[in-house]
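Residue-level structural notes
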Amino acid sequence: DVKVTQSSRYLVKRTGEKVFLECVQDMDHENMFWYRQDPGLGLRLIYFSYDVKMKEKGDIPEGYSVSREKKERFSLILESASTNQTSMYLCASSLIRTAQPQHFGDGTRLSIL
Amino acid sequence: EDQVTQSPEALRLQEGESSSLNCSYTVSGLRGLFWYRQDPGKGPEFLFTLYSAGEEKEKERLKATLTKKESFLHITAPKPEDSATYLCAVVDGGSQGNLIFGKGTKLSVKP
């Protein structure tokens, strides 16, 4: 079974802090994704990566950056956290071949005070 | 623009009362449609992949079907443990694996 592990289930930070969310997958997947999920807005893509050291902006990249130094690890960085970044953050991975499902971690519920 | 629309937004059923959830999509050249189940406070769990019109997949009380414009998730004789949000997604035609998600149907099954 595919295992996508997010480092924290719950996280509380203060405005202005730099926040790191970590994601590790164990299935040698090329693709990795970061989403945020908010009530009524569904899943929104923040950043994605098809390969090591490669990154692409998704639909809502403002205020975020990412790092992919190793194939299995994809980090999301909130450069200077703001209250409107309070959300559920979900990491996913998939094979690069066409039409493969994404597999998700259990999410990080992030609160910015 | 590629889009995925799910209906209804919420569905309340009695235990044993069968029903269907709808996922309609507009995408040029469907490369794959996926169904997920999401429990509160957890990430989406992959259920099915459908690739072409006429295809069907089954798992326990769930059956997914696909036409050229929409997919249905049929739930037969549901149980309270089937309560969850069900998400539908299609492959973004211009990508190497990005998905376009619907906003989901929240299913509640009462005993």
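Residues numbered from 1 in each chain as written. Chains lettered and ligands numbered in written order. Predicted model: local features only at pLDDT ≥ 70, side-chain atom pairs only at ≥ 80, totals over all residues. Heavy atoms only, no water.

On inspection of all chains with the given rule, the structure shows 9 salt bridges over all chains. For Arg36 of chain A, the salt bridge is made with Asp38 of chain A, and the minimal N-O distance between the two is 2.9 Å. Both residues of the pair, Arg36 of chain A and Asp38 of chain A, belong to the buried class. In this structure, Lys63 of chain B engages Glu56 of chain B in a salt bridge whose closest nitrogen and oxygen atoms are separated by 3.5 Å. Under the relative-accessibility criterion, Lys63 of chain B is labelled partly exposed at 27%. Overlapping salt bridges, with partners in common, bring together Arg36, Asp38 and Arg44 of chain A in one network. (Salt bridge = Lys/Arg side-chain N within 4 Å of Asp/Glu carboxyl O. Buried < 20%, exposed > 50% of the residue type's maximum accessible area, 1.4 Å probe, protein only.)

The calculated volume of the largest pocket comes to roughly 700 Å³. As for the largest pocket, its lining consists of 26 residues, of which Gln37 of chain A together with Gln38, Thr85, Lys103 and Lys106 of chain B are closest to the centre. Here the residues of the lining of the largest pocket sort into 8 nonpolar, 11 polar and 7 charged. For the second largest pocket, the calculated volume is near 500 Å³. What lines the second largest pocket is a set of 19 residues, and nearest its centre among them are Leu43 and Asp59 of chain A together with Asp2, Ile100 and Phe101 of chain B. Sorting the residues of the lining of the second largest pocket by element identifies β5 (42-49) of chain A together with β1 (3-7) and β10 (99-101) of chain B as the ones contributing at least two each. (1 Å grid on protein atoms, 1.4 Å probe; cavity = no way out; pocket = protein on both sides within 12 Å on 5 of 7 lines; lining within 4 Å. Points joined across faces, edges and corners; volume = space filled by probe spheres on them. Nonpolar A, V, L, I, M, F, W, Y, C, P; charged D, E, K, R; others polar. Helix = DSSP H or I, 4+ residues; strand = E, 2+ residues; numbered from the N terminus.)

Keep in mind these values describe shape, not function.
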